[in-house]
Amino acid sequence: MEFHQLEIFLAVADTKSFSKAAKRLFLSQSTISSHIKNLEAELQKTLFIRSTKSVRLSPDGYIFLRYAEAMLKTREAALEALNTPSGIILRIGASTIPSSYLLPDLLQGFRETHPYTFFDIQQGDSSEILEKIMDGSLEVGFIGKKEDTSKCVFLPFCKDHLVLAAPASPYYLSLFRRNPPITELLKEPIILREQGSGTRKAADLYLDSIGISTDSLHVIARTNDLEAVKQMIRNGMGISILSHYAVKDLQERGQILVHPLSSEIQRSFYIVYRSDNTLKTAFQDFIKYIRHLDF
């Protein structure tokens, strides 16, 4: 078995096509087919179910997929370690709030005692990062929601609470001074985050707890870009339910108004990794460092 065969196998599995895999790897289709046949012969298993219209992984192919990914990751890590003198690179994923507002300080603090540790960070919403943890693309993630699965370990490391953010305009200043019930404030034009974000999930839980459906809100925009939400609020478009970490900077500069929501509505940020994954020592040290901090 050769690493080149594994790369070809993963390319076919990803593209679901011998011809597309050939184009991706700049090889002929016959070469791709030959390598897959040789790999199947060595394993004595059929890895792909072929038809005239499609190529898909067989049950054995799905089993082998995980190990092929792991073998290539191990090779990459070994080459990286050999070519990064006295250093190690930690590849992590983070959802919007941890990536933008928590990790910068955490990484700097950790590197003060681990100066030869380097980070490769991928950002996505909580669902995207969890999916990458599940499929083995990333080892550790920092996300804003917990899923009901035994395949992953979720370690809470930081509490968050939601606030209602509004433009710092005369209209909203006057409205906030009256301290109206939240049901009245939620009649204002509102901007919502995307469905995959932990903030959106927490906001939906809050709205459910006070008996308000998102269908009844005056939604003027939906976006997966948190910074766009903040700027729309700052420019006077409307209100939004956001993490207090996300709006702290604009609030301190007086560019938006913040109305606290029910103190019972909190969520945790989680460190997540696969339960069957033995983390490298540097990751274990990083997690210990974070969990000993007082947020």
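Residues numbered from 1 in each chain as written. Predicted model: local features only at pLDDT ≥ 70, side-chain atom pairs only at ≥ 80, totals over all residues. Heavy atoms only, no water.

### Here we look at the overall build of the protein
When helices and strands are counted, the protein shows 12 helices and 11 strands. Taking the principal axes of the C-alpha coordinates as reference, the protein spans close to 75 × 50 × 35 Å. Relative to its 295 residues, the protein shows a buried fraction of 46%. For the protein, the exposed surface amounts to about 15800 Å²; the carbon and sulfur share of it is 51%. Across the protein, the centroid of the 35 positively charged side chains sits 3 Å from that of the 34 negatively charged ones. (Helix = DSSP H or I, 4+ residues; strand = E, 2+ residues; numbered from the N terminus. Buried < 20%, exposed > 50% of the residue type's maximum accessible area, 1.4 Å probe, protein only. Areas by Shrake-Rupley, 256 points an atom, 1.4 Å probe, with all protein chains shown as cover. Lys, Arg positive; Asp, Glu negative; His and termini not counted. Charge placed at Lys NZ, Arg CZ, Asp CG, Glu CD.)

### Side note on a nonpolar patch on the surface
On the surface, Met1, Phe3, Ile63, Tyr67 and Met71 cluster together to form a nonpolar patch covering roughly 480 Å² of accessible area. It is helix α4 (residues 59–83) that contributes the most residues to the nonpolar patch, 3 residues altogether. Tracing the backbone through its elements, the reader meets Phe3 in helix α1 (residues 3–15). Judged by its relative accessible area of 38%, Phe3 is partly exposed. (Patch = residues over 30% accessible without salt bridge, like charges linked within 9 Å, V, L, I, M, F, W, Y side chains within 5 Å. Salt bridge = Lys/Arg side-chain N within 4 Å of Asp/Glu carboxyl O.)

### What to know about the pairing of strand β5 (residues 140–143)
Every second residue of β5 is oriented toward a common face, with Val140 and Phe142 on one face and Gly141 and Ile143 on the other, all of them buried. One ladder, built from 3 bridges, connects strand β3 (residues 88–94) with β5; its direction is parallel. Residue pairing across strands places Ala94 opposite Phe142, the latter belonging to β5. (Pairing = 2+ DSSP bridges.)

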